[in-house]
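# Summary of the model geometry
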Amino acid sequence: QVQVAESGGGLVQPGGSLRLSCVASGSIFSINYMGWYRQAPGKQRELVAVTSGGNTNYADSVKGRFTISRDTAKNTMYLQMNSLKPEDTAVYYCNAGISRDATYNVYSYWGQGTQVTVSS
(Lines give C-alpha, C1' and ligand atoms only; values in the text may rest on other atoms or scores of the structure.)
Protein backbone atom coordinates (compact mmCIF):
# COMPACT_ATOMS: atom_id res chain seq x y z
CA GLN A 1 0.00 0.00 0.00
CA VAL A 2 2.99 2.31 0.35
CA GLN A 3 4.51 3.84 -2.72
CA VAL A 4 7.44 6.18 -3.18
CA ALA A 5 7.90 8.07 -6.42
CA GLU A 6 10.52 10.54 -7.64
CA SER A 7 10.22 13.21 -10.27
CA GLY A 8 12.03 16.26 -11.54
CA GLY A 9 15.01 14.80 -13.32
CA GLY A 10 16.18 15.93 -16.70
CA LEU A 11 19.01 17.31 -18.77
CA VAL A 12 20.80 20.37 -17.48
CA GLN A 13 23.99 22.20 -18.37
CA PRO A 14 26.91 22.33 -15.96
CA GLY A 15 26.29 25.00 -13.38
CA GLY A 16 22.55 24.66 -13.72
CA SER A 17 19.95 23.63 -11.19
CA LEU A 18 17.24 21.05 -10.76
CA ARG A 19 14.80 20.25 -8.02
CA LEU A 20 13.84 16.66 -7.44
CA SER A 21 10.69 15.65 -5.63
CA CYS A 22 9.81 12.49 -3.81
CA VAL A 23 6.28 11.71 -2.72
CA ALA A 24 5.36 8.92 -0.37
CA SER A 25 1.78 7.75 -0.54
CA GLY A 26 -0.45 5.01 0.77
CA SER A 27 -0.86 3.64 4.25
CA ILE A 28 1.62 5.80 6.13
CA PHE A 29 1.62 6.18 9.87
CA SER A 30 4.85 8.11 10.05
CA ILE A 31 7.96 8.73 8.01
CA ASN A 32 11.04 8.19 10.08
CA TYR A 33 13.59 9.23 7.51
CA MET A 34 13.84 10.19 3.88
CA GLY A 35 16.92 10.24 1.77
CA TRP A 36 18.31 10.53 -1.70
CA TYR A 37 20.70 8.10 -3.33
CA ARG A 38 22.18 8.07 -6.78
CA GLN A 39 23.72 5.53 -9.07
CA ALA A 40 25.87 6.41 -12.04
CA PRO A 41 26.34 3.97 -14.92
CA GLY A 42 28.63 1.15 -13.87
CA LYS A 43 28.93 2.50 -10.34
CA GLN A 44 27.54 1.53 -6.97
CA ARG A 45 24.61 3.33 -5.47
CA GLU A 46 25.72 6.03 -3.07
CA LEU A 47 24.09 8.19 -0.45
CA VAL A 48 23.49 11.79 -1.48
CA ALA A 49 21.60 13.18 1.48
CA VAL A 50 19.33 12.01 4.26
CA THR A 51 17.07 13.75 6.73
CA SER A 52 15.92 12.19 9.97
CA GLY A 53 15.06 13.37 13.44
CA GLY A 54 15.62 16.98 12.53
CA ASN A 55 19.09 16.29 11.23
CA THR A 56 20.28 16.40 7.67
CA ASN A 57 23.47 14.90 6.36
CA TYR A 58 25.09 15.23 2.96
CA ALA A 59 27.72 13.42 1.05
CA ASP A 60 30.91 15.43 0.85
CA SER A 61 30.63 15.55 -2.91
CA VAL A 62 27.36 17.51 -2.79
CA LYS A 63 27.75 19.50 0.41
CA GLY A 64 27.17 23.18 -0.20
CA ARG A 65 25.48 22.54 -3.54
CA PHE A 66 22.52 20.32 -2.71
CA THR A 67 19.83 20.97 -0.14
CA ILE A 68 17.32 18.45 1.14
CA SER A 69 14.00 19.49 2.59
CA ARG A 70 10.71 17.93 3.63
CA ASP A 71 7.10 18.95 3.56
CA THR A 72 5.83 16.69 6.28
CA ALA A 73 2.16 17.47 5.68
CA LYS A 74 2.48 16.34 2.07
CA ASN A 75 4.80 13.39 2.73
CA THR A 76 7.11 14.99 0.24
CA MET A 77 10.86 15.42 0.14
CA TYR A 78 12.83 17.68 -2.15
CA LEU A 79 16.38 17.79 -3.31
CA GLN A 80 17.45 21.18 -4.58
CA MET A 81 20.49 20.68 -6.77
CA ASN A 82 22.56 23.73 -7.62
CA SER A 83 25.88 24.21 -9.37
CA LEU A 84 25.48 20.87 -11.05
CA LYS A 85 28.53 19.11 -12.39
CA PRO A 86 28.86 16.37 -15.01
CA GLU A 87 29.84 13.97 -12.24
CA ASP A 88 26.40 14.46 -10.73
CA THR A 89 24.95 12.56 -13.67
CA ALA A 90 23.14 9.53 -12.30
CA VAL A 91 19.80 7.98 -11.61
CA TYR A 92 18.56 9.50 -8.39
CA TYR A 93 16.50 7.37 -6.04
CA CYS A 94 14.29 8.34 -3.15
CA ASN A 95 14.42 6.20 -0.04
CA ALA A 96 11.96 6.48 2.81
CA GLY A 97 11.76 4.71 6.13
CA ILE A 98 8.07 4.38 6.88
CA SER A 99 6.02 3.02 9.74
CA ARG A 100 2.64 1.78 8.61
CA ASP A 101 1.03 1.58 12.04
CA ALA A 102 1.54 2.37 15.71
CA THR A 103 3.94 -0.52 16.19
CA TYR A 104 6.51 1.86 14.71
CA ASN A 105 8.20 -0.90 12.79
CA VAL A 106 10.12 0.86 10.06
CA TYR A 107 10.26 -0.44 6.52
CA SER A 108 12.44 0.87 3.77
CA TYR A 109 10.81 1.90 0.49
CA TRP A 110 12.46 2.89 -2.75
CA GLY A 111 11.31 4.82 -5.74
CA GLN A 112 12.05 3.77 -9.30
CA GLY A 113 14.51 6.58 -9.90
CA THR A 114 14.69 9.71 -11.99
CA GLN A 115 17.49 10.43 -14.44
CA VAL A 116 19.65 13.49 -13.97
CA THR A 117 22.06 14.26 -16.78
CA VAL A 118 24.50 17.15 -16.53
CA SER A 119 26.10 17.84 -19.87
CA SER A 120 26.97 20.69 -22.18
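Up top is the structure.
Residues numbered from 1 in each chain as written. Predicted model: local features only at pLDDT ≥ 70, side-chain atom pairs only at ≥ 80, totals over all residues. Heavy atoms only, no water.

This part is about the overall build of the protein. Looking only at helices and strands, the protein has zero helices and eleven strands in total. For a compact globule of 120 residues, the expected C-alpha radius of gyration is about 14 Å, and the protein comes in at 14 Å, within 12% of that figure. Based on the C-alpha atoms only, the size of the protein along its principal axes is roughly 50 × 25 × 25 Å. A burial count over the protein gives 39% of its 120 residues as buried. Nonlocal contacts in the protein, meaning residues at least 24 apart in sequence, comprise 58% of its contacts between residues at least 6 apart. Computing the positive centroid from 10 side-chain charges and the negative centroid from 7, the protein places the two 1 Å apart. (Helix = DSSP H or I, 4+ residues; strand = E, 2+ residues; numbered from the N terminus. Rg over C-alpha atoms; globule rule 2.2 N^0.38 Å. Buried < 20%, exposed > 50% of the residue type's maximum accessible area, 1.4 Å probe, protein only. Contact = heavy atoms within 4.5 Å. Lys, Arg positive; Asp, Glu negative; His and termini not counted. Charge placed at Lys NZ, Arg CZ, Asp CG, Glu CD.)

Let us look at the pairing of strand S4 (residues 30–39). One ladder, built from nine bridges, connects S4 with strand S9 (residues 90–99); its direction is antiparallel. Bridge pairing in S9 links Met34 to Ala96. Looking at chain direction, S4 and strand S5 (residues 46–52) are connected through six bridges and run antiparallel. In the strand pairing of S5, Trp36 is matched with Ala49. A loop of six residues connects S4 with S5, the two strands running antiparallel in sequence, and Gly42 in this loop sits at a positive phi of about 75°. (Pairing = 2+ DSSP bridges.)

This part takes up the pattern of salt bridges. With the rule as written, the count across this model stands at four salt bridges. In this structure, Arg65 and Asp88 form a salt bridge, with 2.7 Å as the shortest nitrogen-oxygen distance. With a gap of 23 residues between them, Arg65 in the loop between strand S6 (55–58) and strand S7 (66–71) and Asp88 in the loop between strand S8 (76–81) and S9 connect regions that are remote in the sequence. Both residues of the pair, Arg65 and Asp88, belong to the buried class. Within the structure, one salt-bridge network assembled from shared partners comprises Arg38, Glu46, Arg65 and Asp88. (Salt bridge = Lys/Arg side-chain N within 4 Å of Asp/Glu carboxyl O.)

What follows deals with the sheet that holds strand S3 (residues 18–25). In a beta sheet, neighbouring strands are held together by backbone hydrogen bonds and run either parallel or antiparallel to one another. If you trace the four strands from one edge of the open sheet to the other, you get S1-S3-S8-S7, paired in antiparallel fashion. Sheet topology places strand S1 (3–7) and S7 at the edges, where each strand pairs with a single neighbour. On average, adjacent strands in this sheet sit at an angle of 15° to one another, irrespective of strand direction. (Axes fitted to C-alpha atoms, helices over the stretch in contact; angles between N-to-C directions.)

Just distances and angles here, no functional claims.
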